[in-house]
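Take a look at the letters that make up each chain.
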Amino acid sequence: MGCCSSASSAAQSSKREWKPLEDRSCTDIPWLLLFILFCIGMGFICGFSVATGAAARLVSGYDSYGNICGQKNAKLEAIPNSGMDHTHRKYVFFLDPCNLDLINRKIKSVALCVAACPRQELKTLSDVQKFAEINGSALCSYNLKPSEYTTSSKASVLCPKLPVPASAPIPFFHRCAPVNISCYAKFAEALITFVSDNSVLHRLISGVMTSKEIILGLCLLSLVLSMILMVIIRYISRILVWILTILLILGSLGGTGVLWWLYAKQRKSPKEAVIPEQLQVAEDNLRALLIYAISATVFTVILFLIMLVMRKRVALTIALFHVAGKVFIHLPLLVFQPFWTFFALVLFWVYWIMTLLFLGTTGSAVQNDQGFVEFRVSGPLQYMWWYHVVGLIWISEFILACQQMTVAGAVVTYYFTRDKRNLPFTPILASVNRLIRYHLGTVAKGSFIITLVKIPRMILMYIHSQLKGKENACARCVLKSCICCLWCLEKCLNYLNQNAYTATAINSTNFCTSAKDAFVILVENALRVAAINTVGDFMLFLGKVLIVCSTGLAGIMLLNYQQDYTVWVLPLIIVCLFAFLVAHCFLSIYEMVVDVLFLCFAIDTKYNDGSPGREFYMDKVLMEFVENSRKAMKEAGKGGVADARELKPMASGASSA
C-alpha cells in the first residue's frame, strides 16, 4: 500500500515493457477494500438518517413544540403544547420569518402549524383575526383564541410580527415563505438592489420564459459547435499556433516600443514653466515609465529566448493535436464521456443532499433555553456530518478519476494497436470493463490523495471567510498563502494522478509504481511538457472563447428579432454560461486525450527506435516529427547540443531496453 518499493521491484520496473498487457492483474486491492468500507459507512449514515430522522419532519415540517404538521402527534414529556392533532394544519408558519440567524443559518422565530398561508399582507391584528375567521387558519400561538387577538395584552408577543408579509407554501416542503424576497436582505443585498424594482424582475423573468425555445436552441448550438471543434481542431492547430506566436511577438515588441517612446517623449518635454509640485509628479511618472520599459524589455527578451528553445516542442504539440483529432474519429464514444460523468455526479449529489436533509432531522427532542424543541444528535453520532462531507469530496473525486482512467485506457489501446482495423469494437466499453475488473483500487487511492489536499484547503477557506475583517494583515497573508500553496499542490497532484492512471492502463501496475514511472518520464521531457501545457492549453482556451462568442452572437441576432419583451440580458447570460460549461467539458476531454497521447509518445520514443523488432507504435504524423528531429540533430552535429538533447530520452531508452 505504501509508495516505497524494494530494489528488486525497481529492477523489475526497469525491465518492464511499456505496452498494454493482455494478462492484467488487480491493483491496489487494499485501497479498494477501504473505499468499499467507506461507502458502507456512507450507506449506514443514509440508513440511520432515514430510520431515526422522521422523513415527515423534513417534508411536512414541525412547529416549535415538536409537533409534525399534517398529522396526529405523540406527547413529549415535560414539553407544553406537544402531542397536538395537526391533521388539518399542514403548513409551517413563522411568526417572524425575517429574523435570520446568519451564524447558525436558521430562522430565529416561533414556528406554528397552520391551515393556510396568508396570501396577502396583513397589516393589523384585526386583519390577522379576520384571516383566521375566514380561512380557519390561526396565525397566533395555540394558547390564544382568534377572538382574543385584538383584546389580549399578550397578543403582541404571541402573534406574528406586523405587518405579516404575504407568503406562499414552498412546493413539497409545506413551509410558508414570504413572497417578497427583500425580507432576506441581510444576506442578499446585492440581489435585492438589482431586483428591488419589481418591474425589472418581471421583465427579466418574462424574457427567460418567452425565449425558452431560443435558449434551448442556442444551448444545442453550443453542444454541436463543441463537437465540431473537437473534430476540426486537428486541421487548424498548425495555423492557430503560428498566429498566436506572431501576435504574441508583435504584442510584446509593440508594448515595449510604446513604453520606451513614452519615456523618451516625457524626458524631452520642457520643464521650465512647471511648478515644483507638478515637477515632482512628472519625475515620479518618468521613473515609473523607465521601470515599466525596462521590465517590458526583460520580459520580451525572456519570451524570445523561451520561444527559441521551445520552437521544436511546439511542432510536437501541433502533431499531438492532429493525432487527438484522429482518436475522436476512431473512438466517437469519447465525445459522450462528459455526459456519463455528469450524470453520475448529479445522481450522487442528489443522494448526498437528500441524506444531508434527512440527517438534519435526526436526533431526539431537546428543550432549549426558550422552552422550544430542537432535535439534536448526541454521542459519537454527532460527528457523522464530517464523515458525510468527506464522502462528498472523495466519491466526487473518485467519479472524476474513473473518467480519467476510462479515457486513458481507451487512448492507450488506440495508440498501442499498430493496425487500427484491429481495434476492439468499443474501446471505451473495453476500458470501462478493465477499470471495473482491475483498477478501481488505483482510482480510489488517487482520488483519496486529492481529498487529503482538498479538505485542509476548504477548512482554511472557511476559517478565512469566518475571520474576514477581524484578522490582522499578517494572519490574512499567511492564510491566503497556505490556501494558494494547497491549490497549487492539488493541481500538480491532479496532473500527476492523470499520468499515473495512464501508466496503470499501460502496465497494470499499482498507483505508486505508476506515479513514479510517469514522473520519471515527465521529468525527462520537461520542456515538451511545458510546451504542451502552455501552447495547448491556450489553444483550447481560445476554442472555448470561440464557442461562447459564436453562441452569444447567434443569441444576439435571434433575440434582437424577438418583440415580445425588451430585456434579453438574462437569457443571453444563461446561454453564454451554458456554452462555456459545455465547451469546457468537451475540450477538457480533448486536453486529457492529448496528455495521454504525449505520455504514450514519450514512452514509445524511449523504448523503441524504429529498428526491426522495436518498431514505433506512433501515428505517421508523430513519426514525421521524430524523423524531422533526427535530421535536425544530424545537421546540427557537434554544435547542436541543445537540439540533440531533444531526442536524448529516445537514445538512452534504446540503449537500456
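Please read these numbers as outputs of a predicted model, since none were measured by experiment.

A.B. asks: Residues and numbers for the state of the cysteines, please.
C.D. replies: A full pass over the atoms with the stated rule returns three disulfides. With a sulfur-sulfur separation of 1.9 Å, Cys 69 is cross-linked through a disulfide to Cys 113. Its S-S torsion of approximately -80° makes the covalent link between Cys 69 and Cys 113 left-handed. Remark: Cys 113 occurs in strand 4 (residues 111–114) and Cys 69 occurs in the loop between helix 3 (55–59) and strand 1 (91–94); sequence separation between them is 44 residues. The exposure class of Cys 69 is buried, given its relative accessible area of 2%.

A.B. asks: Which residues make up helix 13 (residues 473–507), and what values do they have?
C.D. replies: Its 35 residues place the ends of helix 13 50 Å apart at the C-alpha level, agreeing with the 51 Å of an ideal helix rising 1.5 Å per residue. Backbone geometry just after helix 13 places Ser 508 at a positive phi near 60°.

A.B. asks: Quick one: what's the story with the packing of helix 11 (residues 384–415) against helix 13, residue by residue and with numbers?
C.D. replies: Two elements in contact, helix 11 and helix 13, have axes separated by 9 Å at closest approach and are oriented at 45°. Relative to helix 13, helix 11 is oriented oblique. Between helix 11 and helix 13 lies a crossing of right-handed hand. Touching Glu 397, Ala 401, Gln 404, Met 405, Ala 408, Gly 409 and Val 412 of helix 11 are Asn 494, Gln 498, Tyr 501, Thr 502, Thr 504, Ala 505 and Ile 506, all from helix 13.

A.B. asks: A description of the environment of Cys 576 should follow, citing residues and the corresponding values.
C.D. replies: In this fold, Cys 576 is placed in helix 16 (residues 569–607). With 25 residues separating them in the primary sequence, Cys 576 and Thr 551 have C-alpha atoms 6.8 Å apart. Setting aside its immediate chain neighbours within four residues, Cys 576 contacts Val 548 and Gly 552.

A.B. asks: So what's going on with the environment of Ser 82? Residues and values would help.
C.D. replies: Mapped onto the fold, Ser 82 is located in the loop between helix 3 and strand 1. You can call Ser 82 buried: its relative accessible area is 7%. Between the C-alpha atom of Ser 82 and that of Ile 68, which follows or precedes it by 14 residues, the distance is 9.6 Å. Discounting chain neighbours no more than four positions away, the residues touching Ser 82 are Tyr 65, Asn 67, Lys 75 and Leu 76. Engagement of the side chain of Ser 82 in a polar contact is seen with the backbone nitrogen of Leu 76, the distance being 3.1 Å.

A.B. asks: Can you break down the pattern of salt bridges residue by residue, with the values?
C.D. replies: Tallied over the full model, the rule gives four salt bridges. Put simply, Glu 490 and Arg 457 hold a salt bridge, and the shortest N to O gap is 3.0 Å. With a gap of 33 residues between them, Glu 490 in helix 13 and Arg 457 in helix 12 (residues 427–466) connect regions that are remote in the sequence. Assigned by exposure class, Glu 490 and Arg 457 land together as buried. Residue Lys 606 is joined to Glu 524 by a salt bridge in which the shortest nitrogen-to-oxygen separation is 3.0 Å. On the criterion of sequence distance, the pair formed by Lys 606 in helix 16 and Glu 524 in helix 14 (residues 511–524) is long-range, its members being 82 residues apart. Salt bridges sharing common partners tie together Glu 397, Lys 454, Arg 457 and Glu 490.

A.B. asks: Describe in detail the nonpolar core, supporting the description with residues and values.
C.D. replies: Grouped together as the largest cluster of nonpolar side chains are 64 residues, with contacts concentrated most on Leu 334, Tyr 415, Tyr 590, Val 593, Leu 597 and Leu 622. Looking at this core, the elements with two or more residues in it are helix 8 (212–268), helix 9 (276–330), helix 11, helix 13, helix 14, helix 15 (526–560), helix 16 and helix 17 (620–636). The element that contributes the greatest number of residues to this core is helix 16, accounting for 18 residues.

A.B. asks: Describe the packing of aromatic side chains, and please don't skip the residues or the numbers.
C.D. replies: Here the structure, examined in full by the defined rule, presents 18 aromatic pairs. Ring geometry for Phe 38 against Tyr 387: centres 4.6 Å apart, planes inclined by 20°, an arrangement best described as stacked. Of the two residues, Phe 38 sits in helix 2 (residues 29–52) while Tyr 387 sits in helix 11, which places them 349 residues apart along the sequence. When the ring of Trp 260 is compared with that of Tyr 263, the centres are 6.0 Å apart and the planes differ by 85°; the resulting orientation is edge-to-face. Highlighted residues: Trp 260 and Tyr 263, both in helix 8, separated by three residues, approximately one helical turn. Tyr 263 sits in the buried class, given a relative accessible area of 13%. The structure contains a cluster of three or more aromatic residues connected by ring pairs, namely Trp 31, Phe 35, Phe 38, Tyr 387, Trp 394, Phe 398 and Phe 448.

A.B. asks: Please provide a residue-by-residue account of the confidence of the model for the chain, values included.
C.D. replies: Predicted confidence across the chain gives a mean pLDDT of 78, with 80% of residues reaching 70 or more. Counted against residues more than four places away or in other chains, residues 1–15, with its pLDDT under 50, gives eleven contacts.

A.B. asks: Describe the pairing of strand 4, with residues and values.
C.D. replies: Residues Ala 111 and Cys 113 line one face of strand 4 and the alternating positions Leu 112 and Val 114 line the opposite face, and both faces are buried. Of the pairings in the sheet, the one linking strand 1 to strand 4 comprises four bridges and is antiparallel in character. Paired with Val 92 across the two strands is Cys 113, which belongs to strand 4.

A.B. asks: Which residues make up helix 12, and what are the values?
C.D. replies: Taking 1.5 Å of rise per residue, the 40 residues of helix 12 would be expected to cover 58 Å, yet its terminal C-alpha atoms sit only 49 Å apart, more than 12% below that figure. Of all the bends found along helix 12, the most pronounced is centred on His 439 and spans about 85°.

A.B. asks: Hey, could you go over the pairing of strand 7 (residues 364–367) for me, with residue numbers and the actual values?
C.D. replies: Residues in a regular strand project their side chains so that they alternate between the two faces of the sheet. The pairing of strand 7 with strand 8 (residues 373–376) spans four bridges and is classified as antiparallel. Directly across from Ser 364, in strand 8, lies its bridge partner Arg 376. Where strand 7 folds back on strand 8, the antiparallel hairpin that results is connected by five residues, among which Gly 371 adopts a positive phi of roughly 85°.

A.B. asks: How would you explain unusual backbone geometry if you had to name every residue and give the values?
C.D. replies: With an omega of -10°, the peptide bond running from Leu 162 to Pro 163 counts as cis. Residue position: Pro 163 is located in the loop between helix 5 (155–158) and strand 5 (167–169). One non-glycine residue with positive phi stands out, namely Asp 28, at about 55°. Along the chain, Asp 28 falls in the loop between helix 1 (7–15) and helix 2. Residue classification places Asp 28 among the buried residues on the basis of a relative accessible area of 10%. With phi around 65°, Asn 81 is a residue other than glycine that occupies positive phi space. By the secondary structure assignment, Asn 81 is in the loop between helix 3 and strand 1.

A.B. asks: I'd love a proper account of the packing of helix 10 (residues 337–359) against helix 11, names of residues and values included.
C.D. replies: As a packed pair, helix 10 and helix 11 sit with axes 10 Å apart at the nearest point and diverge in direction by 170°. Judged by the angle between their axes, helix 10 and helix 11 are roughly antiparallel. Residues that form the contact of helix 10 with helix 11 fall into these classes: 16 nonpolar, eight polar and no charged.

A.B. asks: Could you give an account of a nonpolar patch on the surface, naming the residues involved and the relevant values?
C.D. replies: Judged by side-chain polarity, Ile 170, Phe 172, Phe 173, Phe 342, Val 346, Trp 349, Val 350, Ile 353, Met 354 and Leu 357 come together as a nonpolar surface patch covering roughly 910 Å² of accessible area. Its place among the elements puts Phe 172 in the loop between strand 5 and strand 6 (176–178).

Reading the values: rules and limits
Residues numbered from 1 in each chain as written. Predicted model: local features only at pLDDT ≥ 70, side-chain atom pairs only at ≥ 80, totals over all residues. Heavy atoms only, no water. Disulfide = S-S within 2.5 Å. Helix = DSSP H or I, 4+ residues; strand = E, 2+ residues; numbered from the N terminus. Buried < 20%, exposed > 50% of the residue type's maximum accessible area, 1.4 Å probe, protein only. Expected span 1.5 Å × (residues − 1). Axes fitted to C-alpha atoms, helices over the stretch in contact; angles between N-to-C directions. Parallel < 35°, antiparallel > 145°, perpendicular 65-115°, else oblique. Left-handed = near helix turned anticlockwise from the far one by under 90°. Contact = heavy atoms within 4.5 Å. Polar contact = N/O pair within 3.5 Å; in protein donor to acceptor, adjacent residues only side chain to side chain. Salt bridge = Lys/Arg side-chain N within 4 Å of Asp/Glu carboxyl O. Core = buried A, V, L, I, M, F, W, Y, C linked by side-chain atoms within 4.5 Å. Phe/Tyr/Trp six-rings, centres within 6.5 Å; stacked < 30°, edge-to-face > 60°. pLDDT = per-residue confidence, 0-100. Pairing = 2+ DSSP bridges. Bend = angle between axes of the 7 residues up to and from the residue. Nonpolar A, V, L, I, M, F, W, Y, C, P; charged D, E, K, R; others polar. Patch = residues over 30% accessible without salt bridge, like charges linked within 9 Å, V, L, I, M, F, W, Y side chains within 5 Å. Areas by Shrake-Rupley, 256 points an atom, 1.4 Å probe, with all protein chains shown as cover.

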